[in-house]
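# Geometric and topological summary
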Amino acid sequence: MTGPDTPASFKLAYVPGVTPSKWVRIWAERSPDVPLDLVQTTAADAPALVRDREVDAVLLRLPIDREGLHAIPLYTETTVVVVPKDHLVAAADEVSVDDIADDVVLHPLDDTLDWDTPPGKPALERPASTADAIELVAAGVGLLVVPQSLARLHHRRDLTYRPISGTPESGVALSWPDEETSDLMEQFIGIVRGRTVNSTRGRQQVQEKPEKKTPAKSNRPQAGGRKPPPGRRGAPKGGKRRR
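The structure reproduced in this document is the subject of the present report.

Definitions and cut-offs
Residues numbered from 1 in each chain as written. Predicted model: local features only at pLDDT ≥ 70, side-chain atom pairs only at ≥ 80, totals over all residues. Heavy atoms only, no water. Helix = DSSP H or I, 4+ residues; strand = E, 2+ residues; numbered from the N terminus. Buried < 20%, exposed > 50% of the residue type's maximum accessible area, 1.4 Å probe, protein only. Contact = heavy atoms within 4.5 Å. Areas by Shrake-Rupley, 256 points an atom, 1.4 Å probe, with all protein chains shown as cover. Core = buried A, V, L, I, M, F, W, Y, C linked by side-chain atoms within 4.5 Å. Pairing = 2+ DSSP bridges. Arc of directions from axis to C-beta.

A word on the overall build of the protein. Across its full length, the protein carries five helices and 11 strands. Across the 243 residues of the protein, 36% fall into the buried class. Long-range pairs, those at least 24 residues apart, make up 70% of the contacts in the protein between residues at least 6 apart in sequence. Carbon and sulfur atoms form 48% of the exposed surface of the protein, whose accessible area is close to 16400 Å².

Given below as structure tokens:
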């Protein structure tokens, strides 16, 4: 049941590796009476979730099919290669795709990088998920190239990762239906873009200018009842004031 006294809510979905905690905290500070409900979803299901209005907005990875959706790019992640700690790659600060050309590189079905074929040698089968691929890396089956946040999410003591060049990068975006931009949506857009609580966007809010106050006339009477003519104020030049 909803009524006039029931506060509205804002439902936000997010994909693995994306951490909305900072934005959730700011929302709670600015709108303590409006609950922000978090929904975790997969990268594959994220666009449909918001397109079908099951959530108000979603934090997802680009690229996506943008039909019917707004998408504001927020940041681009570093791409890394996940390897066993005793792998040669672990000795380097950064590697390129040429450095792993002779290794088996896993390509999970939920891969978030925009490429048809990863570098290196293909595995016999594609793992069902990134989590499954991490297990195979730990078993010595192959390597895995992913956005850095996913490498952190699936961190294991026996694995490490290094930045890799020559690969696609994963961009994170805020997406919502393009026909619906509510006041709450505008508020969340402002938060993720770093706007202050007093800033506005798009909506021209005309503020009435305060009327200029006319300075009050002095009621103090002037000496002699008249304003002295120019050049006659004070003592005459070169002489004393007459008594």
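Having seen the model, we can carry on.
Take the nonpolar core next. Judged by nonpolar contacts, the single largest core of 32 residues is most densely connected at Phe-10, Leu-12, Leu-60, Leu-174 and Phe-188. Of all elements in the fold, only β1 (10-14), α1 (21-30), α2 (46-51), β3 (57-62), β4 (69-76), β11 (171-177) and α5 (183-192) reach the threshold of two or more residues within this core.

Examined against the element boundaries, Thr-130 turns out to sit in helix α3 (residues 130-138). Other than its neighbours up to four places away in sequence, Thr-130 contacts Pro-108, Asp-110, Leu-144, Val-146 and His-154.

Strand order in the open sheet formed by six strands is β6-β10-β5-β9-β7-β8, and the pairing between neighbours is mixed. In this open sheet, the two strands that pair with only one neighbour each are β6 (95-96) and β8 (121-122). Of the strand pairs in this sheet, strand β5 (residues 79-84) and strand β9 (residues 143-147) are connected by four bridges, and their pairing is antiparallel. Bridge pairing links Val-82 to Leu-144 in β9.

Residues Trp-23, Ile-26 and Trp-27 constitute the buried set of α1. For α1, the angular spread of the buried residues around the axis is 105 degrees, confining them to a single face. Within α1, the exposed residues directed more than 90 degrees away from the buried face are Ser-21 and Glu-29.

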